[in-house]
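The lines below spell out each chain.
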Amino acid sequence: MASNDPQKRANFLRFSTLLVDKGTEALRMCFDAILPPANLRAVLNANKELLQASSLTRQMDLLFPPSGNRTDSKTFDIKLLSFLLRNICASLSPPALGWDTEPLATDCIVKKQIS
């Protein structure tokens, strides 16, 4: 953000925090509904090769705690939750244009209102 206006900077920081905090919470709720905590360890073990081959090297200890503690989605950040939803949740279908494609302008009413 390039603004020197303290109020604009404060608003940006509030919005960013809200987006990350509530976005993470929303993704976690969706993730836990698809992969209940009781099944999480088994699904992660079944996908261990995929997870190890990914760019999740720093998060592997969250997925497979070295202490042997139970894996808990409450420790997952927004990036990890997004990756897991996209890559190991078989019941979650990708959007028609794919995960990495912006929605069409006609698909997004909010975008038109914001512009």
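In this text the structure is predicted, and so the values were computed from the model without any measurement. (Residues numbered from 1 in each chain as written. Predicted model: local features only at pLDDT ≥ 70, side-chain atom pairs only at ≥ 80, totals over all residues. Heavy atoms only, no water.)

**A word on the overall build of the chain**
Our working rule: Secondary structure elements follow DSSP: runs of H or I no shorter than four residues count as helices, runs of E no shorter than two count as strands, and numbering proceeds from the N terminus. Should any heavy atoms of two residues lie within 4.5 Å, those residues are considered in contact. Methods summary: accessible areas were calculated by the Shrake-Rupley approach with a probe of 1.4 Å, and residue burial reflects only the protein chains presented. All tallies of charge rest on Lys and Arg as positive and Asp and Glu as negative; His and the ends of each chain are not included. Here the site of a charge means NZ on Lys, CZ on Arg, CG on Asp, or CD on Glu.
Assigned secondary structure in the chain consists of 6 helices and 0 strands. For the chain, the N- to C-terminal ordering of α and β elements is α-α-α-α-α-α. Pairs at least 24 residues apart make up 55% of the contacts formed inside the chain by residues separated by at least 6 positions. Carbon and sulfur atoms make up 58% of the accessible area of the chain, which totals about 8,300 Å². If the 14 positive side-chain charges of the chain are averaged to one point and the 11 negative ones to another, these points end up 3 Å apart.

**Focus on the packing of aromatic side chains**
Describing an aromatic ring pair means giving the distance of the ring centres and the angle of the ring planes. Put simply, the rule is: Between 30 and 60 degrees the pair is tilted, below 30 it is stacked and above 60 it is edge-to-face, where a pair is any two Phe, Tyr or Trp rings, Trp via its six-membered ring, whose centres lie within 6.5 Å. Either the NZ atom of lysine or the CZ atom of arginine qualifies as a charge over a ring when it sits within 6 Å of the ring centre and within 35 degrees of the ring normal.
Tallying each qualifying case throughout the model produces 1 aromatic pair. When the ring centre of phenylalanine 64 is taken as origin, the NZ or CZ atom of lysine 48, which lies over that ring, is 4.6 Å away.

**Some words on the environment of cysteine 89**
Stated precisely, the cut-off is as follows: The classification of residues rests on relative accessible area computed with a 1.4 Å probe and restricted to protein chains. Under 20% of the type maximum is buried, over 50% is exposed, and intermediate values are partly exposed.
Relative to the elements of secondary structure, cysteine 89 occurs in the loop between helix H5 (78-87) and helix H6 (109-114). On the basis of relative accessible area, cysteine 89 is assigned to the buried category, the value being 4%. If we ignore the near neighbours within four places in the chain, the residues touching cysteine 89 are Phe31, Ile34, Leu35 and Leu84.

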